[in-house]
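Secondary and tertiary structure notes
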Amino acid sequence: MSADTETPQSTANRTPEELPGVVTRLFKGVLYAEADEKIWQSLLGLTSQVRDYVAVLGLDLILDEPEGYAFLRSRDDPDATLPRLIPRRQLTFNVSLLLALLRGRMLEFDTNSGELRLIMTEQDIADMVSVFLPESSNEARVLDRLNTDIKKVVDLGFLRKLRGQPGTYEVMRILKAFVDAQWLEEFDARLTDYRASLEGVAPSAPETEPAPEPRENSA
Amino acid sequence: MDFYAISSLRDNHAAWSLLRAQNAPLALSFFMTAFTGPNQRNIARQQLIDTLDDVLFGLRESEGEDSFPKAAAEYLDDWAAPERAWLRKYYVPDQDEPRYDLTAAAEDVIRWVEGLQGRDFVATQSRLTSIFAVLKQLVQQSESDPEVRLAELRYQRDGIDAEMQRIRDGHVRVMSAPEARDHFQQLTALASNLLGDFREVEQNFRKLDRAVREKITTWDGSQGDLLATIFANQQDISSSTQGRTFQGFWDYLMSPQLRSELQDLLTRATRIEALSKEPNLHAVATLHQDWLPAVEQTQNTVRQLSQQMRRLLDDKVFLENKRVMQLIRSIESGALGTRGQPPSGMFMNIATPSVDVALPFERPLYEPSRRVLVDDDIMTADDADVDADALFNQFHVDTQRLRANIVTVLENTEQASLVDITDAYPLSQGLAEIVAYYQLATESAWASIDPDSSQQLSWTLPDGSIREARLEKIIFVRPA
């Protein structure tokens, strides 16, 4: 009997009260210190427990305290033995380029100013991207396409619409964690391959050959 | 300063460009109304737009509709644009509405323009007194010879003794009214200048911060060397002349003894007889309350700057930033190269920041509808104890009936007062009926209410007693 009464005690020691809340919150997406102060504080106290817990599922906790965000990432799995828990989203070239350019803008912003938040209007984004768009007589169509791309980036959580100010976005700092040197390197490499294939002797070469990534979004 | 330095200032300095601007009078008067007048900083966009709208409305009334064609928001955006830089627009954490503050340059212009107006009264004597005080302090406190300092203190003591003796003898010298005004004006000028200085202090901190950032981006050597110079520089910020005087001011303001002394002096100053007619006497009494938030904001700026700096200097970030910059350059040139023929289809993929947990049992499944039983048995309640009279004692004043009464009386006469009508048709519902008549009179175009004369109405209650009411005279006239 005494062993029975002890069991809940010891499980309580192993899983602190806030742990389920913190972990499930992280499962749902990026946790921002600014937006979710309470959970953030619990996370800071429970970092090692959270790490241990998600490690069982092949996930890593990425916690950037100065930037004030945390999220889960798949652990490097070279043999691809684990089923994928974290879905990957496919991006068109334009969306990929937009992400890279936004990343560049953020770096510039960080090195040039002491402000905390990078705010851009639709016009700013259009100005930034337009150099890289094919010259088209139909400006409206180009802008329409850009708007779809922006919407996609908003969906991914890297841009956030400001309340009460139409056409104005905040570039979320989390972008830095996802569009990192490794990602950009891959982008650069694929782009170089693509250019080589364009200039290549075989005009019938396939237009794009994105690296084999046969994972579908598990729906 | 030579010709070229001045010429470049004229071309590039925000303050000079403000003076040359077409809409300078508008901008300056608005800045005074919104910022320097009420001593405000950190104003939210909507509030600022409202203030500017008021200013514009007033101006368009007097100057004509077309004099200021742009909308308030456009003016604000224009003035906060980097090439103008008269307003600083920024975002604070957790708020989506931008905020504005005057830049130090705009503030300088405002003070200069205000100075142009000329003063009917210039505080000269008090200035001389402050020059003496500052000079004395400078000379005495820089003196390292103890003998000289002691001699100086002894001299001061003798002076105080002599003064005390004079007061004992009955020679109390009170500051004359002009002298008091003189000192008071000096005080207000100093206080408002001080508030303005905070803006400049903050701007100087930003400038220092910028210099450090520039050094980081253009750094070619190793990271260790960079850190060494940065740490030297970090000390520069706090140990710069600016930093030290600011810290001194902060310590001064934070000392409880000095604060209570200041508070005491200020309240006593407001009670001085000779100053009782000064218009902004009470603003001075609370000037330290304006200082605290201003100083705090500057402190915040410094804290935020150093936090940002920390992010930038984080060693992983430092190395990655260089690599990221190179890669983005390379991607940009690649993208330019394929501009005419961009890759189609899916090109890259990116991890989402959430775990894909599908919960099949969260979905609503088929559920057979349940039969709802309707119980239609009616039970007769026992209501013997309930007094239903209250229900029937409610009554309704039929305004149709009252209107008919008025019309009937007016058939025989051109006009009738309410007394005439109630004589013909006695009041049966008391005060409620009078109120209904009153309402009819106010709604009707054919009735007039004369507040200067009154009339008396009476009615009989069911128990035989008589009630009377006195009200303004109401006269109904037959419609033409």
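From a predicted model like this one, the values you see are computed outputs, not experimental measurements. (Residues numbered from 1 in each chain as written. Chains lettered and ligands numbered in written order. Predicted model: local features only at pLDDT ≥ 70, side-chain atom pairs only at ≥ 80, totals over all residues. Heavy atoms only, no water.)

**Some remarks on the overall build of chain B**
Broken down by element type, chain B carries 19 helices and 7 strands. Of the contacts made within chain B by residues no fewer than 6 positions apart, 63% connect residues no fewer than 24 positions apart. Approximately 31,400 Å² of chain B is accessible, and the part contributed by carbon and sulfur atoms is 54%. (Helix = DSSP H or I, 4+ residues; strand = E, 2+ residues; numbered from the N terminus. Contact = heavy atoms within 4.5 Å. Areas by Shrake-Rupley, 256 points an atom, 1.4 Å probe, with all protein chains shown as cover.)

**Observations regarding the overall build of chain A**
Secondary structure summary: chain A contains 9 helices and 7 strands in total. Taking the intrachain contacts of chain A between residues at least 6 apart in sequence as the baseline, contacts between residues at least 24 apart amount to 57%. Surface summary for chain A: the accessible area is close to 12,200 Å², and the carbon and sulfur share equals 52%.

**Focus: the packing of helix α12 (residues 256–270) of chain B against helix α14 (residues 287–313) of chain B**
Residues and elements named next belong to chain B. Orientation of α12 relative to α14, taken along the N-to-C sense of each, is 145 degrees, at an axis distance of 10 Å. Counting all contacts with α12, which are made through Arg259, Leu262, Gln263 and Leu266, the residues of α14 involved are Leu287, His288, Trp291 and Leu292. Residue classes in the contact of α12 with α14 are distributed as 5 nonpolar, 2 polar and 1 charged. (Axes fitted to C-alpha atoms, helices over the stretch in contact; angles between N-to-C directions. Nonpolar A, V, L, I, M, F, W, Y, C, P; charged D, E, K, R; others polar.)

**Some thoughts on the sheet that holds strand β2 (residues 87–90) of chain B**
All names here are of chain B. Strand order in the open sheet formed by 3 strands is β1-β3-β2, and the pairing between neighbours is antiparallel. The sheet is open, and its two borders are formed by β1 (43–44) and β2, each paired with just one other strand. Pairing between β2 and strand β3 (residues 99–102): 4 bridges, direction antiparallel. Residue pairing for β3: Tyr90 is matched across the bridge by Arg99. The strands touched by helix α5 (residues 72–80) are β2 and β3; relative to β2, the strand with the most contacts, the crossing angle is about 100 degrees. (Pairing = 2+ DSSP bridges.)

**What to know about the interface of chain B and chain A**
Counting from both sides, the interface comprises 58 residues of chain B and, opposite them, 73 residues of chain A. Surface buried jointly by chain B and chain A totals about 6,400 Å² across both partners, of which 59% is contributed by carbon and sulfur atoms. Interface area lost by chain B to chain A is led by Phe347(B), Met348(B) and Ile350(B), which between them contribute 13%. The interface formed by chain B and chain A contains 4 salt bridges. (Buried area = accessible area lost by both parts, 1.4 Å probe. Salt bridge = Lys/Arg side-chain N within 4 Å of Asp/Glu carboxyl O.)

**Looking at the pattern of salt bridges**
Opposite charge on two side chains permits pairing when their charged atoms draw close. All names here are of chain A. Under the defined criterion, the tally for this structure stands at 28 salt bridges over all chains. In this structure, the salt-bridge partner of Glu186 is Arg190, at a minimum N-O distance of 2.6 Å. Taken together, the residues span about one helical turn, with Glu186 and Arg190 both in helix α9 (residues 181–199) at a distance of 4 residues. Exposure remark for Glu186: the relative accessible area of 35% places this residue in the partly exposed category. (Buried < 20%, exposed > 50% of the residue type's maximum accessible area, 1.4 Å probe, protein only.)

**Section: empty space enclosed by the protein**
In the structure shown here, the tally under the stated rule is 3 cavities of 30 Å³ or more. Considered as a void within the structure, the largest cavity measures approximately 90 Å³ in volume. Looking at the lining of the largest cavity, the elements that each hand over two or more residues are α5 (93–112) and α7 (139–156) of chain A. Looking at the lining of the largest cavity, its residues break down into 7 nonpolar, 1 polar and 2 charged. Here the second largest cavity is characterised by a volume of approximately 60 Å³. Among the elements of the structure, α5 of chain A together with α14 and α15 (315–337) of chain B are those that each provide at least two residues to the lining of the second largest cavity. Looking at which element gives the most residues to the lining of the second largest cavity, the answer is α14(B), with 3 residues. Class assignment of the residues belonging to the lining of the second largest cavity gives a composition of 3 nonpolar, 2 polar and 5 charged. (1 Å grid on protein atoms, 1.4 Å probe; cavity = no way out; pocket = protein on both sides within 12 Å on 5 of 7 lines; lining within 4 Å. Points joined across faces, edges and corners; volume = space filled by probe spheres on them.)

**Some points on the pairing of strand β3 (residues 69–74) of chain A**
Residues and elements named next belong to chain A. Pairing between strand β1 (residues 31–32) and β3: 2 bridges, direction antiparallel. Within β3, the residue paired with Leu31 across the bridge is Ala70. Relative to β3, strand β2 (residues 59–64) runs antiparallel, the two sharing 6 bridges. Within β3, the position partnered with Leu61 by the bridge is Leu72. Two successive antiparallel strands, β2 and β3, enclose a turn made up of 4 residues, where Gly68 displays a positive phi of approximately 80 degrees.

**Focus on the confidence of the model for chain B**
Per-residue confidence for chain B gives a mean pLDDT of 82; residues scoring 70 or more make up 96%. With pTM at 0.65, the complex prediction returns an ipTM value of 0.78. (pLDDT = per-residue confidence, 0-100.)

**Quick notes on unusual backbone geometry**
Note on backbone geometry: most residues besides glycine have negative phi, and most peptide bonds are trans. All names here are of chain B. Of note in this structure, Asn42 is not a glycine but carries a positive phi near 60 degrees. Tracing the sequence through the fold places Asn42 in the loop between α3 (24–36) and β1. Overall, the relative accessible area of 27% leaves Asn42 in the partly exposed class. A positive phi is found at Ala85, a non-glycine position, where the angle reads about 55 degrees. Summarising the element assignment, Ala85 is placed in the loop between α5 and β2.

**Some words on the confidence of the model for chain A**
Averaged over every residue, the pLDDT of chain A is 81; residues scoring 70 or more account for 84%. The low-confidence segment residues 1–10 of chain A (pLDDT under 50) makes 0 contacts with residues lying over four places distant or belonging to another chain.

**Regarding helix α4 (residues 45–63) of chain B**
Residues and elements named next belong to chain B. If you check α4, its first and last C-alpha atoms are 26 Å apart, about what 19 residues at 1.5 Å a residue would give, namely 27 Å. Residues of α4 that are buried include every one of Arg45, Leu48, Ile49, Leu52, Val55 and Leu56, and no others. Relative to the axis of α4, the buried residues are bounded by an arc of 130 degrees and lie together on one face. Seen from the open side of α4, the exposed residues pointing more than 90 degrees away from its buried face are Asp54, Phe57, Glu61 and Ser62. Those residues of α4 that are buried lie in contact with α3, β1, α5, β2 and β3. Positioned one or two residues after α4, Gly64 has a phi angle of 100 degrees, which is positive. (Expected span 1.5 Å × (residues − 1). Arc of directions from axis to C-beta.)

**Looking at the packing of aromatic side chains**
Two aromatic rings are characterised by how far apart their centres lie and by the angle between their planes. Residues and elements named next belong to chain B. Taken as a whole, this structure holds 14 aromatic pairs over all chains when the rule is applied. Relative to Trp79, the ring of Phe30 has its centre 5.9 Å away and its plane inclined at 35 degrees; by these criteria the two rings are tilted. Placement of the pair is Phe30 in helix α3 and Trp79 in helix α5, with a sequence separation of 49 residues. The same class applies to Phe30 as to Trp79, namely buried. The positively charged end of Arg88 is found above the aromatic ring belonging to Tyr90, 4.0 Å away from the centroid. (Phe/Tyr/Trp six-rings, centres within 6.5 Å; stacked < 30°, edge-to-face > 60°. Lys NZ or Arg CZ within 6 Å of the ring centre and 35° of its normal.)

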